[in-house]
Amino acid sequence: GERLPEGRIGEIKVRGPGVFAGYLNDPEATAATLDGDVLSTGDLGFVSGGELYLTGRLKEILLVRGQNLMPHEVESIAEREIGGGRCRAACFTVDSGADGEQVVLVAEAPTLEREALARIEEAIRRQVGNAFGLPIADLAFVKAGRLPRTTSGKVPRSRLREDYLTERVPR
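Values in this document were obtained by computation on a predicted structure and should not be read as measured data.

Re the sheet that holds strand β8 (residues 101-109)
Piece 1. In space, the three strands of this open sheet follow the order β7-β8-β9, with mixed pairing throughout. This sheet does not close on itself; its edge strands, each paired only once, are β7 (89-95) and β9 (136-143). On average, each strand axis in the sheet is tilted by 25 degrees relative to the strand beside it, whichever way the strands run.
Piece 2. The strands touched by helix α2 (residues 71-81) are β7 and β8; relative to β7, the strand with the most contacts, the crossing angle is about 130 degrees.
Piece 3. Across the sheet, helix α3 (residues 114-132) is in contact with β8 and β9; its angle to β9 comes to roughly 140 degrees.

In structure tokens:
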């Protein structure tokens, strides 16, 4: 609820005459989103030079072994290893019982050749481990172009997580 210093990432909350008064006939959703006249956007960002920069979504933060990670940080490492912008990757966490939340990465493969995939997987695991000190619990490859996307081209991580948990990830 406090204004953060410039450059520090935090949840974006807005207030003003353009903020809606609530959801029609849904007091629970309204209470979860509004605190009086302050709207919790669910977005993360920071202010620099008087400008607001978005960095991600609050609900997409990965909490693993007490460490907060933004999924796009892990995904960008994987995407570099699988060939730049040609193939996409998405990560999320799954509950592993006593081990807590663990990172799962689903990546489009530029090839389905087994030896090449093994080299790519090893490189991704090494780079993510070096960058964050965390192992990837599972790395699943799918054919290029098979990751689901929204109409704006984003990978819906929560849907992909659900598909993964129900073994419906398109391979």
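Focus on the layout of surface pockets
Piece 1. In this structure, the largest pocket occupies an estimated 690 Å³ of space.
Piece 2. What lines the largest pocket is a set of 19 residues, and nearest its centre among them are Glu2, Arg3, Glu11, Ile12 and Lys13.
Piece 3. Breaking the lining of the largest pocket down by element, the ones donating at least two residues are β1 (10-15) and β3 (38-48).
Piece 4. Among the elements that make up the lining of the largest pocket, the one with the highest residue count is β1 (six residues).
Piece 5. Empty space within the second largest pocket amounts to approximately 530 Å³.

Re the packing of aromatic side chains
Piece 1. Tallied over the full model, the rule gives three aromatic pairs.
Piece 2. Judged by centre distance (5.3 Å) and plane angle (20 degrees), the rings of Phe46 and Tyr53 are stacked.

Re the packing of α2 against α3
Piece 1. The interhelical angle for the contact between α2 and α3, taken along N-to-C directions, is 145 degrees, at an axis separation of 9 Å. When the axes of α2 and α3 are compared, the crossing they make is right-handed. Counting all contacts with α2, which are made through Glu73, Val74, Ile77, Ala78 and Glu81, the residues of α3 involved are Ile120, Ala123, Ile124, Gln127, Val128, Ala131 and Phe132.
Piece 2. Of the residues contributing to the contact of α2 with α3, the split by class is nine nonpolar, one polar and two charged.

Here we look at empty space enclosed by the protein
Piece 1. Summed over all chains, the structure comprises one cavity of 30 Å³ or more.
Piece 2. Its boundaries defined by the atoms lining it, the largest cavity holds a volume of some 40 Å³.
Piece 3. What lines the largest cavity is Val64, Arg65, Glu101, Gln102, Val103, Leu134, Pro135 and Ala137.
Piece 4. When residues in the lining of the largest cavity are grouped by element, the largest group, three residues, is from β8.

Details of a nonpolar patch on the surface
Piece 1. Together, Val47, Leu52 and Leu54 make up an exposed nonpolar region whose accessible area comes to about 280 Å².
Piece 2. Along the chain, Leu54 turns up in strand β4 (residues 51-57).

Here's the deal with the environment of Arg80
Piece 1. Examined against the element boundaries, Arg80 turns out to sit in helix α2.
Piece 2. For the pair Arg80 and Ile124, spaced 44 residues apart in the sequence, the C-alpha separation amounts to 8.8 Å.

Quick word on the pairing of β7
Working note: regular strand, side chains alternate between the two faces of the sheet.
Piece 1. The element β7 is extensively covered by neighbouring structure, given that six of its seven residues are classed as buried.
Piece 2. Summarising the sheet, β7 and β8 pair through seven bridges and their orientation is antiparallel. In the sheet register, Cys91 faces β8, and the bridge partner there is Leu105.
Piece 3. What sits between β7 and β8 in their antiparallel hairpin is a turn of five residues, with Gly97 showing a positive phi close to 65 degrees.

Thresholds applied
- Residues numbered from 1 in each chain as written.
- Predicted model: local features only at pLDDT ≥ 70, side-chain atom pairs only at ≥ 80, totals over all residues.
- Heavy atoms only, no water.
- Pairing = 2+ DSSP bridges.
- Helix = DSSP H or I, 4+ residues; strand = E, 2+ residues; numbered from the N terminus.
- Axes fitted to C-alpha atoms, helices over the stretch in contact; angles between N-to-C directions.
- Contact = heavy atoms within 4.5 Å.
- 1 Å grid on protein atoms, 1.4 Å probe; cavity = no way out; pocket = protein on both sides within 12 Å on 5 of 7 lines; lining within 4 Å.
- Points joined across faces, edges and corners; volume = space filled by probe spheres on them.
- Phe/Tyr/Trp six-rings, centres within 6.5 Å; stacked < 30°, edge-to-face > 60°.
- Left-handed = near helix turned anticlockwise from the far one by under 90°.
- Nonpolar A, V, L, I, M, F, W, Y, C, P; charged D, E, K, R; others polar.
- Patch = residues over 30% accessible without salt bridge, like charges linked within 9 Å, V, L, I, M, F, W, Y side chains within 5 Å.
- Areas by Shrake-Rupley, 256 points an atom, 1.4 Å probe, with all protein chains shown as cover.
- Salt bridge = Lys/Arg side-chain N within 4 Å of Asp/Glu carboxyl O.
- Buried < 20%, exposed > 50% of the residue type's maximum accessible area, 1.4 Å probe, protein only.

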